[in-house]
Amino acid sequence: KLMRVLRANRIMQRWATRISLSFGMQTCIKCLVGTIILAHWSACLIMIVSTMERESGVQRCWLSEMKFAHKTIWARYLGAIYWSVSCLKGTDNDWAVTMAEKMVAVAVMIAGGGVYTIMIGEVANVLSNLDMAGNEYKRTMDNLNQCARARARARPPPPPAPRRGGARVGGVVCGGGRDGGREG
């Protein structure tokens, strides 16, 4: 099954070149598919943990507490998906009853935080790259500023020029200026 997932990635790359999706759209689709897969895996994990606990004799688990114990498998799966999406966004809704379910809930919340962090970063990256001309201008200005700073560091500063019409005597400007060298 893992090989199918790897093959699916190659198939998606072929589709992207044939359909000519923008990289921004590809990124958004990947984030959405990744979230759906993580929600499915989380739902399956909580179903497995709860089923194993019920079979071992534990009567209080989320299946019995939320009245899903005697429902169809699809109703239980829908409840588990609802739970996993709630956990992925960081709220548990107090569905986890046993210690094993709480450990799964914590792991899913941590994974959800990571997934949402990656998604926000990817969307921000896509949005920041929409204005290519503005980005090129900013990059050019940054390069010019770096060059100017490097040139300013490479040569010593020129000596200060004397004031207009005055002579420098012992570091003091004498004469010239608006008031003819008079002070006050």
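Residues numbered from 1 in each chain as written. Predicted model: local features only at pLDDT ≥ 70, side-chain atom pairs only at ≥ 80, totals over all residues. Heavy atoms only, no water.

## A few points about a positive patch on the surface
In plain terms, the rule: Two distance rules govern patches: like charges are joined within 9 Å, and nonpolar side chains (Val, Leu, Ile, Met, Phe, Trp, Tyr) within 5 Å, applied only to residues with over 30% relative accessible area and no salt bridge. Method for areas: the Shrake-Rupley scheme with a 1.4 Å probe, in which residue coverage is limited to the protein chains shown. Whenever Lys or Arg places a side-chain nitrogen within 4 Å of a carboxyl oxygen from Asp or Glu, that contact is recorded as a salt bridge. Only four residue types enter the tally: Lys and Arg on the positive side, Asp and Glu on the negative side, with His and both chain ends excluded. To locate a charge, take NZ of a lysine, CZ of an arginine, CG of an aspartate or CD of a glutamate. By definition, any uninterrupted DSSP run of H or I lasting at least four residues is a helix, any uninterrupted run of E lasting at least two residues is a strand, and each is numbered from the N terminus. Categorising residues by exposure relies on relative accessible area from a 1.4 Å probe, with only protein chains included: less than 20% of the type maximum marks a residue as buried, more than 50% marks it as exposed, and the intermediate range marks it as partly exposed.
There is a patch of like positive charges on the surface, built from Arg4, Arg7, Arg10, Arg14 and Arg18. Inspection of the secondary structure assignment puts Arg14 in helix H1 (residues 2-19). In this structure Arg14 comes out as partly exposed when scored by relative accessible area, which is 45%.

## So, the packing of aromatic side chains
Applied cut-off: Pairing of aromatic rings covers Phe, Tyr and Trp, the last counted by its six-membered ring, and requires centre-to-centre distances within 6.5 Å; plane angles under 30 degrees mean stacked, over 60 mean edge-to-face, and any other angle means tilted.
Per the stated rule, a full pass over the model turns up one aromatic pair. With 6.1 Å between their ring centres and 85 degrees between their planes, Trp74 and Tyr77 make a pair best called edge-to-face. Taken together, the residues Trp74 and Tyr77, both in helix H4 (residues 73-88) and three residues apart, mark about one turn of the helix. The exposure class of Tyr77 is partly exposed, given its relative accessible area of 24%.

## What to know about helix H2 (residues 23-55)
In plain terms, the rule: To estimate how far a helix should extend, the number of its residues minus one is multiplied by 1.5 Å.
Helix length check: H2, at 33 residues, gives a terminal C-alpha distance of 48 Å against a target of 48 Å (1.5 Å per residue), a fit within 8%. Among the residues trailing H2, Gly57 stands out with phi positive, at a value near 110 degrees.

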